[in-house]
Amino acid sequence: MTAELLGHARALIERPQGSGGVWPRAAALLTRQVLEEALDRLWLAIYPGVGQASRATQLACLGLMITDARLVADVRSAWASLSRACHHHHYELGPTAAELERWILQTEHLVEALRVSNSLPET
(Lines give C-alpha, C1' and ligand atoms only; values in the text may rest on other atoms or scores of the structure.)
Protein backbone atom coordinates (compact mmCIF):
# COMPACT_ATOMS: atom_id res chain seq x y z
CA MET A 1 0.00 0.00 0.00
CA THR A 2 2.90 2.35 0.76
CA ALA A 3 4.34 2.22 -2.75
CA GLU A 4 0.89 2.57 -4.28
CA LEU A 5 -0.02 5.68 -2.31
CA LEU A 6 3.35 7.30 -2.93
CA GLY A 7 2.99 6.42 -6.61
CA HIS A 8 -0.31 8.29 -6.68
CA ALA A 9 1.30 11.26 -4.91
CA ARG A 10 4.11 11.31 -7.47
CA ALA A 11 1.60 11.07 -10.32
CA LEU A 12 -0.16 14.17 -8.99
CA ILE A 13 3.13 16.04 -8.94
CA GLU A 14 4.12 14.92 -12.44
CA ARG A 15 0.70 15.45 -14.02
CA PRO A 16 -1.24 18.08 -12.07
CA GLN A 17 -3.53 18.94 -14.99
CA GLY A 18 -7.18 18.27 -14.32
CA SER A 19 -6.80 18.26 -10.55
CA GLY A 20 -8.38 21.68 -10.12
CA GLY A 21 -5.34 23.08 -8.37
CA VAL A 22 -5.66 20.78 -5.35
CA TRP A 23 -2.80 18.50 -6.39
CA PRO A 24 -0.24 19.86 -3.89
CA ARG A 25 -2.49 19.24 -0.91
CA ALA A 26 -3.70 15.92 -2.28
CA ALA A 27 -0.10 14.74 -2.74
CA ALA A 28 0.76 15.89 0.80
CA LEU A 29 -2.28 14.07 2.18
CA LEU A 30 -1.35 10.81 0.44
CA THR A 31 2.21 11.10 1.71
CA ARG A 32 1.06 11.83 5.26
CA GLN A 33 -1.25 8.82 5.06
CA VAL A 34 1.75 6.60 4.29
CA LEU A 35 3.58 7.93 7.34
CA GLU A 36 0.48 7.46 9.51
CA GLU A 37 0.04 3.88 8.32
CA ALA A 38 3.67 3.18 9.29
CA LEU A 39 2.95 4.58 12.75
CA ASP A 40 -0.21 2.45 12.98
CA ARG A 41 1.81 -0.69 12.15
CA LEU A 42 4.44 0.32 14.69
CA TRP A 43 1.95 0.78 17.50
CA LEU A 44 0.11 -2.41 16.63
CA ALA A 45 3.38 -4.33 16.89
CA ILE A 46 4.89 -2.78 20.01
CA TYR A 47 2.10 -1.17 22.05
CA PRO A 48 -1.39 -1.54 20.55
CA GLY A 49 -3.15 0.74 23.04
CA VAL A 50 -1.26 3.80 21.85
CA GLY A 51 -2.77 3.38 18.39
CA GLN A 52 -6.13 4.47 19.83
CA ALA A 53 -4.72 7.81 20.99
CA SER A 54 -4.67 10.98 18.93
CA ARG A 55 -1.86 11.34 16.42
CA ALA A 56 -0.34 14.12 18.53
CA THR A 57 -0.24 11.78 21.52
CA GLN A 58 1.25 9.02 19.42
CA LEU A 59 4.00 11.33 18.24
CA ALA A 60 4.65 12.45 21.80
CA CYS A 61 4.97 8.80 22.90
CA LEU A 62 7.24 7.88 20.02
CA GLY A 63 10.35 8.98 21.89
CA LEU A 64 9.53 6.58 24.71
CA MET A 65 9.41 3.59 22.38
CA ILE A 66 12.19 4.34 19.90
CA THR A 67 15.72 4.97 21.11
CA ASP A 68 16.90 6.70 17.94
CA ALA A 69 16.25 10.35 18.83
CA ARG A 70 17.03 11.54 15.30
CA LEU A 71 14.46 9.16 13.81
CA VAL A 72 11.84 10.34 16.30
CA ALA A 73 12.56 13.99 15.52
CA ASP A 74 12.45 13.35 11.77
CA VAL A 75 9.11 11.53 11.98
CA ARG A 76 7.62 14.32 14.06
CA SER A 77 8.96 16.99 11.72
CA ALA A 78 7.78 15.21 8.57
CA TRP A 79 4.31 14.67 9.99
CA ALA A 80 4.04 18.33 11.05
CA SER A 81 5.21 19.58 7.64
CA LEU A 82 2.84 17.31 5.77
CA SER A 83 -0.07 18.22 8.04
CA ARG A 84 0.57 21.91 7.52
CA ALA A 85 0.68 21.33 3.76
CA CYS A 86 -2.64 19.46 3.82
CA HIS A 87 -4.61 22.39 5.16
CA HIS A 88 -5.75 25.15 2.87
CA HIS A 89 -5.36 28.73 4.03
CA HIS A 90 -6.33 31.45 1.60
CA TYR A 91 -3.25 33.48 2.54
CA GLU A 92 -0.75 30.68 1.88
CA LEU A 93 0.53 29.04 -1.24
CA GLY A 94 0.46 25.27 -1.44
CA PRO A 95 3.71 23.33 -1.30
CA THR A 96 5.85 23.23 -4.42
CA ALA A 97 6.52 20.08 -6.44
CA ALA A 98 10.12 20.09 -5.15
CA GLU A 99 8.96 20.26 -1.52
CA LEU A 100 6.49 17.45 -2.09
CA GLU A 101 9.08 15.25 -3.78
CA ARG A 102 11.48 15.86 -0.88
CA TRP A 103 8.74 14.88 1.62
CA ILE A 104 7.92 11.76 -0.37
CA LEU A 105 11.58 10.68 -0.35
CA GLN A 106 11.85 11.49 3.35
CA THR A 107 8.68 9.51 4.08
CA GLU A 108 10.02 6.49 2.19
CA HIS A 109 13.19 6.65 4.27
CA LEU A 110 11.31 7.11 7.55
CA VAL A 111 8.88 4.26 6.88
CA GLU A 112 11.80 1.95 6.19
CA ALA A 113 13.73 3.20 9.24
CA LEU A 114 10.70 2.61 11.49
CA ARG A 115 10.27 -0.86 10.05
CA VAL A 116 13.92 -1.83 10.43
CA SER A 117 14.37 -0.29 13.88
CA ASN A 118 11.46 -2.30 15.22
CA SER A 119 11.85 -5.47 13.13
CA LEU A 120 8.46 -5.02 11.47
CA PRO A 121 7.49 -6.90 8.31
CA GLU A 122 7.68 -5.12 4.95
CA THR A 123 4.51 -3.62 3.51
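Rules of the game
Residues numbered from 1 in each chain as written. Predicted model: local features only at pLDDT ≥ 70, side-chain atom pairs only at ≥ 80, totals over all residues. Heavy atoms only, no water. Helix = DSSP H or I, 4+ residues; strand = E, 2+ residues; numbered from the N terminus. Rg over C-alpha atoms; globule rule 2.2 N^0.38 Å. Contact = heavy atoms within 4.5 Å. Areas by Shrake-Rupley, 256 points an atom, 1.4 Å probe, with all protein chains shown as cover. Lys, Arg positive; Asp, Glu negative; His and termini not counted. Charge placed at Lys NZ, Arg CZ, Asp CG, Glu CD. Buried < 20%, exposed > 50% of the residue type's maximum accessible area, 1.4 Å probe, protein only. Axes fitted to C-alpha atoms, helices over the stretch in contact; angles between N-to-C directions. Parallel < 35°, antiparallel > 145°, perpendicular 65-115°, else oblique. Nonpolar A, V, L, I, M, F, W, Y, C, P; charged D, E, K, R; others polar. Core = buried A, V, L, I, M, F, W, Y, C linked by side-chain atoms within 4.5 Å. Patch = residues over 30% accessible without salt bridge, like charges linked within 9 Å, V, L, I, M, F, W, Y side chains within 5 Å. Salt bridge = Lys/Arg side-chain N within 4 Å of Asp/Glu carboxyl O.

Colleague: Which parts of the structure should I look at to understand the overall build of the protein chain?
Modeller: Along the backbone of the protein chain there are five helices and zero strands. Mapped from its N terminus to its C terminus, the protein chain presents α and β elements in the order α-α-α-α-α. Radius of gyration (C-alpha) of the protein chain: 15 Å, near the 14 Å computed for a compact globule of 123 residues. Oriented by its inertia axes, the alpha-carbon framework of the protein chain measures out at about 40 × 30 × 25 Å. The long-range share in the protein chain, meaning contacts at least 24 apart out of those at least 6 apart in sequence, stands at 63%. Entry remark: accessible area of the protein chain is about 6,900 Å², with carbon and sulfur atoms responsible for 58%. For the protein chain, the centre of its 11 positive side-chain charges and the centre of its 13 negative side-chain charges are spaced 4 Å apart.

Colleague: What is the right way to read the side chain of D74 from this model?
Modeller: With respect to the element layout, D74 can be found in helix α4 (residues 69–86). For D74, a relative accessible area of 18% translates into the label buried.

Colleague: Whenever I open this one, the packing of helix α2 (residues 23–46) against helix α5 (residues 97–117) confuses me. Can you help?
Modeller: Helix packing for two helices is described by the angle between their axes and how far apart those axes are. Interaxial distance between α2 and α5 falls to 10 Å at its minimum, and their mutual angle equals 10°. Taken together, the axes of α2 and α5 lie roughly parallel to each other. When α2 is examined against α5, the residues W23, P24, A27, A28, T31, V34, L35, A38, L39, R41 and L42 are found in contact with a partner set consisting of A97, L100, W103, I104, T107, L110, V111 and L114. Along the lines of polarity and charge, the residues of the contact of α2 with α5 split into 16 nonpolar, two polar and one charged.

Colleague: Is there a simple way to explain the nonpolar core in this structure?
Modeller: Nonpolar side chains in soluble globular proteins tend to end up buried together. By size, the foremost hydrophobic cluster in this structure holds 33 residues, and its most contacted members are L39, L62, I66, L71, V75, L100 and L114. Listing elements by their share of this core, those giving two or more residues are α1 (2–14), α2, α3 (55–65), α4 and α5. Considering each element in turn, this core owes the most residues, ten residues, to α2. The residues touching L39, leaving out its near neighbours within four places in the chain, are R55, Q58, L59, L62, V75 and L114.

Colleague: Could you clarify how one ought to interpret a nonpolar patch on the surface in this entry?
Modeller: There is a patch of nonpolar side chains on the surface, built from I46, Y47, L64 and M65 and spanning about 390 Å² of accessible area. Along the chain, Y47 turns up in the loop between α2 and α3. Taking relative accessible area as the criterion, Y47 reaches 44% and is therefore assigned partly exposed.

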